[in-house]
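Each chain, written out:
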Amino acid sequence: MIDEKKKMTAQDLSVGADDGQSISKNSDISITTSKGEINDEVINPQESLEEMYRRIQRMSDPAYLHTVTLDELMDNVFEVKSAVIENLLYTGAYILAGAPKIGKSFLVAQIAHHVSIGQDLWGYKVHQGTVLYLALEDDESRLQRRMFRMFGVEGTSSLHFATSAKMIGSGLDEQLEKFVREHSDTKLIIADTLQKVREMVSDNYSYSNDYEVIGKLKQFADRHGVCILIVHHTRKQSAGDSFEKISGTTGLSGCADGALIMQKEKRTDGKATLEISGRELLMQKEKRTDSKATLEVVGRDQPDQRLYLSKDQERLVWLLDHAENELWKQPPDPVLEAVAKIVSDENREWEGSPTELTEALRLDMAVNRLTKHLN
């Protein structure tokens with residue numbers, strides 16, 4: 001038996017440990033009100049040399065298929081994807097697509113600024129961190145004017161811009177690796193636009209090519225725990241599903257962790273124009289499309305939403321009018337509520353074995369099930 005202390009947070013018990021680690025049922029447990037992590041060692045029974053040799057032989061077989069049992073799966077503790085903007089952007093690769101000149105660059109600049117200073121966006125909780133904005137269709141002079149118009153002269157050292165970069169597979173990977181090493185708190189990388197960072201193989205991209213280019217960015221994002229937001233265009237042809245409008249094949253959206261589709265909200269009001277000529281009067285409806293847009297959001301393990309936005313014409317920032325689809329809220333967990341009762345500001349720590357914890361919580365639950373539930 002290994003007596004290893006495991007710390008868990010009473011206020012936030014959904015913390016994770018290294019991927020694939022299993023839990024020792026005999027370990028002591030320490031619960032504290034300060035933030036902590038679950039740090040476990042892999043507990044493996046002693047293997048004989050013969051057993052180890054057989055296992056290595058089996059794994060080296062070309063026909064070997066790695067599997068895990070349900071018990072092994074439930075024993076492991078995996079890191080959950082952390083939010084950059086809760087219910088909008090998480091770690092992984094996301095596509096923001098919209099028609100040219102719709103205001104995508106203003107939107108990603110707004111997102112970048114909010115994340116870099118940790119300011120909530122449209123009521124959504126923002127987690128502060130360093131941001132790298134690859135503004136590859138701009139120059140520094142235009143960026144200065146845009147950021148001044150949107151946010152004034154108040155600056156931040158956590159928002160970095162680059163107006164040129166290499167291509168995916170031809171140096172961009174190394175550039176991003178170096179940036180993340182130098183800025184360990186990086187939360188968000190914006191590539192504006194996809195066309196500027198993908199290699200031009202041909203005019204007709206295939207599903208596999210589209211999937212591969214997003215796959216490389218996703219692998220980087222997952223490896224470093226960051227969000228990569230890729231700005232792209234929509235096609236002009238109509239489509240039954242808004243996400244089918246993303247230019248290219250479905251390999252782009254199929255590989256990405258999520259997509260945001262920005263579209264103009266077409267509104268015709270009751271105004272009319274009266275054109276006067278020497279021979280006739282011509283009266284017709286005046287069609288006005290004002291600065292309003294919808295932002296449809298879809299992603300893995302997050303709620304689908306439609307946000308109705310309007311642009312502040314003075315500052316050129318997007319404001320939220322209203323949102324459709326109420327965000328899903330996790331129901332109360334009776335186990336976590338029971339844990340919260342045994343720690344407080346006065347009694348900030350509880351320590352004991354899993355069996356003692358089960359008794360202290362007065363729960364009708366097996367010890368091993370409680371340990372898995374807390375993980």
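Numbering of residues starts from 1 in every chain and runs along the sequence as written. Predicted model: local features are reported for residues with pLDDT of at least 70 only, side-chain atom pairs are reported and counted for 80 or more only, and whole-chain, interface and lining totals are derived from all residues. To get the side-chain values, all heavy atoms of the structure are used, and hydrogens and water are removed first.

Caption draft 1: Region of the structure containing the overall build of the protein. For the purposes of this entry, the term helix denotes a DSSP run of H or I that reaches at least four residues, the term strand denotes a run of E that reaches at least two, and both are numbered from the N terminus. Along its length, the protein carries ten helices and 16 strands. A simple rule labels every residue: compare its accessible area, found with a 1.4 Å probe on the protein chains alone, to the largest value its type can have, and call it buried under 20%, exposed over 50%, or partly exposed in between. Across the 375 residues that make up the protein, the buried fraction comes to 42%. A separation of at least 24 residues holds for 65% of the contacts in the protein among residues at least 6 apart in sequence. Note on areas: Shrake-Rupley with a 1.4 Å probe; residue coverage comes only from the protein chains shown. For the protein, the accessible area works out to roughly 22,100 Å², and carbon and sulfur atoms hold 48% of it. Note on contacts: a residue pair qualifies if any of its non-hydrogen atoms lie within 4.5 Å across the two residues.

Caption draft 2: Structural view of the packing of aromatic side chains. Each Phe, Tyr or Trp ring, with Trp reduced to its six-membered ring, pairs with another whose centre is within 6.5 Å; inter-plane angles below 30 degrees give stacked pairs, above 60 give edge-to-face pairs, and intermediate values give tilted ones. For the structure shown, the criterion picks out two aromatic pairs. Considering the side-chain rings of Tyr-133 and Phe-161, the 5.6 Å spacing of their centres and the 45° angle between planes classify their relative orientation as tilted. Taken together, the positions of Tyr-133 in strand β6 (residues 130–135) and Phe-161 in strand β7 (residues 159–162) put the pair 28 residues apart, joining distant regions of the chain. A relative accessible area of 1% means that Tyr-133 is categorised as buried.

Caption draft 3: The arrangement of the pattern of salt bridges in detail. Whenever a carboxyl oxygen of Asp or Glu lies within 4 Å of a side-chain nitrogen of Lys or Arg, that contact is scored as a salt bridge. The full count for this structure, using the stated rule, is 13 salt bridges. In this structure, Glu-212 engages Lys-216 in a salt bridge whose closest nitrogen and oxygen atoms are separated by 3.7 Å. A residue pair is termed a helical-turn pair when its members lie 3 or 4 positions apart in one helix, as Glu-212 and Lys-216 do in helix α6 (residues 207–224) at four residues. Overall, Lys-216 belongs to the partly exposed group, its relative accessible area being 33%. The partner of Arg-300 in a salt bridge is Asp-257, and the shortest N-O contact between them spans 3.0 Å. Here the residue Arg-300 occupies a position in the loop between β13 (292–299) and β14 (302–311), and Asp-257 occupies one in the loop between α7 (251–255) and β10 (258–264), the gap between them amounting to 43 residues. You can call Arg-300 partly exposed: its relative accessible area is 40%.

Caption draft 4: Broad picture of the sheet that holds β14. A pair of strands is considered paired only if DSSP assigns at least 2 bridges between the two. Pairing in this open sheet of nine strands is mixed, and the strands run β7-β6-β8-β9-β5-β10-β13-β14-β15 from one edge to the other. Taken across any chain shown, the strands that pair with only one partner, and hence form the sheet edges, are β7 and β15 (318–324). On average, adjacent strands in this sheet sit at an angle of 20° to one another, irrespective of strand direction. Sheet topology places β13 next to β14; seven bridges connect them, and they run antiparallel. Among the inter-strand pairings, Glu-296 is bridged to a residue of β14, identified as Arg-306. Between the N-to-C directions of two axes lies an angle of 0 to 180 degrees, each axis being a line fitted to C-alpha atoms and, for a helix, fitted only over the stretch in contact. Packing of helix α3 (residues 104–117) onto the sheet brings it into contact with β5 (92–98), β6, β7, β8 (186–192), β9 (227–233), β10, β13, β14 and β15, and relative to β8 it is tilted by some 165°. This element, α6, spans β5, β8 and β9 of the sheet and lies at about 135° to β5.

Caption draft 5: Spotlight on helix α9 (residues 354–361). Buried within α9 we find Pro-354, Leu-357, Thr-358 and Leu-361. An end-on view of α9 places all buried positions within 100° of arc, on one side of the element. Remark: Arg-362 follows α9 within two positions and exhibits a positive phi of approximately 55°. Arc definition: it is the arc formed by the directions from the helix axis to the C-beta atoms.

Caption draft 6: Focus on the confidence of the model for the protein. What pLDDT expresses is the predictor's confidence in each residue, scored from 0 to 100. When pLDDT is averaged across the protein, the result is 79; 76% of the residues are at 70 or more. By mean pLDDT, the top-scoring element of the protein is β6 (98), and the lowest-scoring one is strand β1 (residues 6–9) (42). Considering only residues more than four positions removed or in separate chains, one finds that residues 1–26, a stretch of pLDDT under 50, has 86 contacts. In the predicted structure, residues 267–289 sits below a pLDDT of 50 and forms 32 contacts with residues beyond four places in sequence or in another chain.

Caption draft 7: Molecular detail of unusual backbone geometry. Omega for the peptide link from Asp-192 to Thr-193 comes to 15°, which places this bond in the cis form. Note that Thr-193 resides in the loop between β8 and α6. Positive phi outside glycine occurs at Lys-101, with the angle close to 65°. In this structure, Trp-122 is a non-glycine residue whose phi angle is positive, near 55°.

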